[in-house]
Amino acid sequence: MPRTTVQRLRGFRDFLPRDMALREHITARFEEIFRSHGFQPLDTPALEYAETFEGKSGQEAETLMYRFLDHGNRRVGLRYDLTVPLARVMAMHPDLPTPFKRYHIAPVWRAERPQKGRYREFWQCDVDIVGSDQPIADAEILAIIPECLDAVGFERYRVLINNRKVLAALARVSGADPDQAQHIYRSIDKLAKVGREGVREEMLERGLSPATADRVLEIVSLSGESDEVLGSLLELLAKDAVGSEGVEEMRSILALVPSFGVDPACFVVTPSLARGLDYYTGVVFETVVDEPRVGSVTGGGRYDELVGQFSGRPLPTVGTSLGLERIIDVVEELRLLEPPRVSADALVTTFDDESTPESVRLAARLRAGGISAETYVGRSGNIRRQLAYADRLGIPVALILGPDERARGEVAIRDMRSGEQTSVPCEQAPERVLTILETS
RNA sequence: GUGGGUGUAGCUCAGCUGGUUAGAGCGGUUGUCUGUGGAACAACAGGUCGUGGGUUCGAGCCCCAUCACCCACCCCA
């Protein structure tokens, strides 16, 4: 028989049960937090008209989109992020009450060269608030980031914040040509990576004058307490109305964040933060961790024009994306969470074919009592093999229903961790199993 | 898209300067053990040495190409 090649597409992964345990645990925590803030669930198709995604995120992003012709010769594409589909949904459902708060946990696809912390199919956990231009919306999104990261054990991270308006002002104030603005953003974004000299060199290479480059560097190198940096920024950009507005926005947002119950110390105003996606119009932010080096684990910002690209009627929106696999990489590397067990709580063994129905009924009784229970589905008999099965899967309780027990209307219940085993009347089985589960 | 590294069993690897039938540990299955897991012992299964070509009497080992994976750049979650 000819065999099919056993191969996965590059950058695509299988998630085995041991992987799923952690993934689901983490997404469940995020979901809990999102819902506790009143965000509602949303899902959209993986595949959409290519046009939906085009002209939204930027040139760079577009080259990374999976696009192709379907059987009906339609130009289609796999979603590149969850933000653009949200904008499309808002435009298609103008009756949705605003402000609209939604979360969306789903895979996205990018045809990049895979490497550490980077895959072609990966999951984003997005929260967005559509239809509010108020600082409280930005503040709530920002506050949720540390709440989520803390919930999965993160201890050291920084949420960098900047504002596109400040960036635009920076380009104007330093005397660059308007068409050089993009070059400036590109270069300064690498400040932390290549240092001042590296950024300066790159700006000169891209045709900026030394005087302009130095002025850019002066502003971008500001660091320290957020209040101080904001104050200095305001002075340096005083002549620029939009830039000053951007600074004030950050000030009012950061002033509100502590009221959400998060420690403001993790937020760092970072004038060099640019972010690549074209649709951002106001504050932008991303979270970085120093160890392990996985790049940013979250990214987001305010995009007030994107919905308007679909409906003609702009809706101010702010949101963020948490990168599931990078967060998992950190959690695994630093052993921040114990992966939960995904096996059943109890295994009911089958002694022989004749008594198997009784074992099946016992498992059903356990389930009715709120215990996840499976009956061994391999060949009956050979208790040794069945206990080994429970052991391998990490099932903490095994039940044995042999002739001796049946004669007395009992069942033997074995605590797989301690090896202790006692017989109890069948009716008491759920109670006994629960006791073992609680103590382990 | 650009640069670098690596490809031998499911996993981690060994394989002496090219020399008969390619090995180990772990894992898997089965048995010792037709009423008891984690241990031990034994057996078995599993490999066209990534693929194609070349050099050679002879290639897992040398050369070329190609593919895949990893790392970095670009960009990003």
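The rules we used
Residues numbered from 1 in each chain as written. Chains lettered and ligands numbered in written order. Predicted model: local features only at pLDDT ≥ 70, side-chain atom pairs only at ≥ 80, totals over all residues. Heavy atoms only, no water. Helix = DSSP H or I, 4+ residues; strand = E, 2+ residues; numbered from the N terminus. Rg over C-alpha atoms; globule rule 2.2 N^0.38 Å. Contact = heavy atoms within 4.5 Å. Areas by Shrake-Rupley, 256 points an atom, 1.4 Å probe, with all protein chains shown as cover. Lys, Arg positive; Asp, Glu negative; His and termini not counted. Charge placed at Lys NZ, Arg CZ, Asp CG, Glu CD. Salt bridge = Lys/Arg side-chain N within 4 Å of Asp/Glu carboxyl O. Buried < 20%, exposed > 50% of the residue type's maximum accessible area, 1.4 Å probe, protein only. Arc of directions from axis to C-beta. Axes fitted to C-alpha atoms, helices over the stretch in contact; angles between N-to-C directions. Left-handed = near helix turned anticlockwise from the far one by under 90°. Nonpolar A, V, L, I, M, F, W, Y, C, P; charged D, E, K, R; others polar. Near = heavy atom within 4 Å. Polar contact = N/O pair within 3.5 Å; in protein donor to acceptor, adjacent residues only side chain to side chain. Pairing = 2+ DSSP bridges. Core = buried A, V, L, I, M, F, W, Y, C linked by side-chain atoms within 4.5 Å.

A. Region of interest: the overall build of chain A. Check the secondary structure of chain A and you find 17 helices and 16 strands. Expected size for 440 residues packed as a compact globule is a radius of gyration near 22 Å; at 28 Å, chain A overshoots this value by more than 25%. Considering only residue pairs separated by 6 or more positions, chain A has 66% of its internal contacts joining residues 24 or more positions apart. Carbon and sulfur atoms make up 49% of the accessible area of chain A, which totals about 22100 Å². Distance between charge centroids for chain A: 5 Å, based on 54 positive and 68 negative side chains.

B. Spatial organisation of the pattern of salt bridges. Enumeration according to the criterion identifies 24 salt bridges in this entry. The residue Glu31 makes a salt bridge to Arg35 at a minimum N-O spacing of 3.8 Å. You can see Glu31 and its partner Arg35 sitting in helix H1 (residues 17–36), 4 residues apart, about one turn around the helix. Overall, Arg35 belongs to the partly exposed group, its relative accessible area being 48%.

C. Seen up close, helix H17 (residues 429–439). Along H17, the residues classified as buried are Ala429, Pro430, Val433 and Ile436. One face of H17 carries all of its buried residues, which in axial projection span an arc of 125 degrees. Summarising the geometry of H17, the exposed residues directed more than 90 degrees from the buried face are Glu431, Glu438 and Thr439. Buried residues belonging to H17 abut strand S12 (346–348), helix H14 (356–368), strand S14 (397–400), strand S15 (410–415) and strand S16 (421–425).

D. Structural context of the packing of H14 against H17. Contact geometry for H14 and H17: axes closest at 9 Å, N-to-C directions at 60 degrees. You can see that H14 and H17 cross each other, and the crossing is right-handed. Of the residues in H17, those in contact with Leu362, Arg365 and Leu366 of H14 are Ala429, Pro430 and Val433. Looking at the contact of H14 with H17 residue by residue, the class counts come to 5 nonpolar, no polar and 1 charged.

E. How the structure looks around the protein's contact with RNA strand B. Inspection of the region around RNA strand B gives 43 residues, with Arg118, Gly276, Arg384, Arg392 and Met416 positioned closest. Glu405 has a polar side-chain atom sitting 2.6 Å from a base nitrogen of RNA strand B. Counting residues per element, the ones that place at least two in the surface near RNA strand B are strand S6 (121–130), strand S10 (296–302), helix H15 (383–393) and helix H16 (403–408).

F. Region of interest: unusual backbone geometry. Thr98 connects to Pro99 through a cis peptide bond whose omega is -5 degrees. Within the element layout of this structure, Pro99 appears in the loop between helix H4 (83–92) and strand S5 (100–109). The backbone of Arg335 shows a phi angle near 50 degrees, a positive value even though the residue is not glycine. Exposure remark for Arg335: the relative accessible area of 73% places this residue in the exposed category. The phi angle at Asn382 is positive, at roughly 40 degrees, despite the residue not being glycine. Looking at the secondary structure, you find Asn382 in the loop between strand S13 (373–375) and H15.

G. Broad picture of the sheet that holds S16. Pairing within the open sheet is mixed, and its 5 strands lie in the order S13-S12-S14-S15-S16. Whereas interior strands pair on both sides, the edge strands pair on one side only; in this sheet they are S13 and S16. When strand polarity is set aside, the average angle formed by the axes of neighbouring strands in this sheet is 25 degrees. Note: S12 against S14, 3 bridges, orientation parallel.

H. How the structure looks around the sheet that holds S10. Here we have 8 strands laid out as an open sheet, ordered S1-S5-S6-S11-S10-S9-S7-S8, and mixed in their pairing. Two strands close off the open sheet at either side, each with one partner strand: strand S1 (40–41) and strand S8 (267–269). Both S5 and S6 contribute to a ladder of 10 bridges, which runs antiparallel. Across the sheet, Trp109 pairs through a bridge with Glu121, a residue of S6. Here helix H13 (residues 324–333) sits on the sheet and contacts S6, S10 and strand S11 (317–323); the angle it forms with S11, its principal contact strand, is near 45 degrees.

I. A look at the side chain of Thr212. Assignment of secondary structure puts Thr212 in helix H9 (residues 210–220). On the accessibility criterion, Thr212 (6% relative accessible area) is buried. Dropping the residues within four chain positions of it, Thr212 is found in contact with Ser174, Gly175 and Ala176.

J. View of the nonpolar core. Within the largest apolar cluster, 72 residues are counted, with the highest numbers of intra-cluster contacts made by Phe34, Phe154 and Leu233. Here this core takes 9 residues from helix H5 (residues 135–151), the largest share from any one element. The contacts of Phe34, once residues within four sequence positions are left out, are Phe39, Tyr103, Ile105, Cys125, Asp126, Val127, Ile144, Cys148 and Leu322.

K. View of the side chain of Arg79. Residue placement: Arg79 occurs in the loop between strand S4 (75–78) and H4. Buried Arg79, no salt bridge; nearest opposite-charge side chain is Asp43, N-O distance 4.1 Å. One polar contact links the side chain of Arg79 to the main-chain carbonyl oxygen of Pro45, over a distance of 3.3 Å. Each residue touching Arg79, except ones within four places of it in the same chain, is listed here: Asp43, Thr44, Pro45, Ala46, Phe53, Pro85, His104, Ala106, Pro107, Val108 and Trp109.

L. Inspection of the pairing of S10 at higher detail. Of all 7 residues that make up S10, 6 are buried, and the element is covered over most of its length. Pairing analysis gives 5 bridges linking strand S9 (residues 283–288) to S10, with the strands arranged antiparallel. Across the sheet, residue Val288 finds its bridge partner in S10, namely Ser296. Sheet topology note: the S10/S11 ladder contains 5 bridges and is antiparallel. Within S11, the position partnered with Gly299 by the bridge is Ser321.

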